[in-house]
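Here's the letter readout for the chains.
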Amino acid sequence: MAQLPKFLIADDPVTDPENEYIFHTEKPRFFAKRVEEDEETAYIDIVHEIDNVEEFYKNTPEKKQELLEQLEDWYYSYMEWLEDDGDEEEEE
């Protein structure tokens, strides 16, 4: 079986069209999403845990923060890729 990517995008356009989730496929597995507090403040946060994230990182909380930073970098790279892909389609 092929190795899964570390992060995957998950959405449900039928019953939850407003949200796009990021699935972390390695332990600790969880779903996160971009949360917008207002027009200027947004961040990535865990919204559903499959594995207990706090328990997994109980002795190394800095590793949890590092993972969330990696996830955020990945997500914003994904968003840039979407914009670039859309620009290329418009040019054709």
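Only a predicted model underlies this, so the values are computations on that prediction, with no experimental measurement involved.

1. Describing the overall build of the chain
Alright, step 1. Tallying secondary structure elements over the chain gives 2 helices and 4 strands in all.
Alright, step 2. When its helices and strands are written in sequence order, the chain yields β-β-β-β-α-α.
Alright, step 3. Judged by the C-alpha coordinates and their principal axes, the chain covers about 50 × 40 × 30 Å.
Alright, step 4. Of all 92 residues assigned to the chain, the portion counted as buried reaches 21%.
Alright, step 5. Pairs at least 24 residues apart make up 30% of the contacts formed inside the chain by residues separated by at least 6 positions.
Alright, step 6. Summed over all atoms, the accessible surface of the chain reaches about 7,100 Å², with 45% contributed by carbon and sulfur.
Alright, step 7. Separation of charge centres in the chain, based on 8 positive and 31 negative side chains, amounts to 15 Å.

2. Quick word on the pairing of strand S1 (residues 7-12)
Alright, step 1. Bridging between S1 and strand S2 (residues 16-24) involves 6 bridges; their strand directions are antiparallel. Paired with Ala10 across the bridge in S2 is Tyr21.
Alright, step 2. A loop of 3 residues connects S1 with S2, the two strands running antiparallel in sequence.

3. Overview of the packing of aromatic side chains
Alright, step 1. Across all of its chains, the model carries 7 aromatic pairs by this definition.
Alright, step 2. Consider the rings of Trp74 and Tyr78, whose centres lie 5.8 Å apart with planes at 5°: the pair is stacked. Here Trp74 pairs with Tyr78, and both are found in helix H2 (residues 61-91), just 4 residues apart, close to one helical turn.
Alright, step 3. Overall, Trp74 belongs to the partly exposed group, its relative accessible area being 28%.
Alright, step 4. Looking at Tyr78, the relative accessible area reads 18%, which means it is buried.
Alright, step 5. Through a chain of ring-to-ring contacts, three or more aromatic side chains come together here, namely Phe7, Trp74, Tyr75, Tyr76, Tyr78 and Trp81.

4. Considering the pairing of strand S4 (residues 42-49)
Alright, step 1. In the sheet, strand S3 (residues 30-36) pairs with S4 via 7 bridges, with the strands oriented antiparallel. Pairing of Val35 across the sheet is with Tyr43, part of S4.
Alright, step 2. Counting the residues in the hairpin turn of S3 and S4 gives 5 residues.

Rules used throughout
Residues numbered from 1 in each chain as written. Predicted model: local features only at pLDDT ≥ 70, side-chain atom pairs only at ≥ 80, totals over all residues. Heavy atoms only, no water. Helix = DSSP H or I, 4+ residues; strand = E, 2+ residues; numbered from the N terminus. Buried < 20%, exposed > 50% of the residue type's maximum accessible area, 1.4 Å probe, protein only. Contact = heavy atoms within 4.5 Å. Areas by Shrake-Rupley, 256 points an atom, 1.4 Å probe, with all protein chains shown as cover. Lys, Arg positive; Asp, Glu negative; His and termini not counted. Charge placed at Lys NZ, Arg CZ, Asp CG, Glu CD. Pairing = 2+ DSSP bridges. Phe/Tyr/Trp six-rings, centres within 6.5 Å; stacked < 30°, edge-to-face > 60°.

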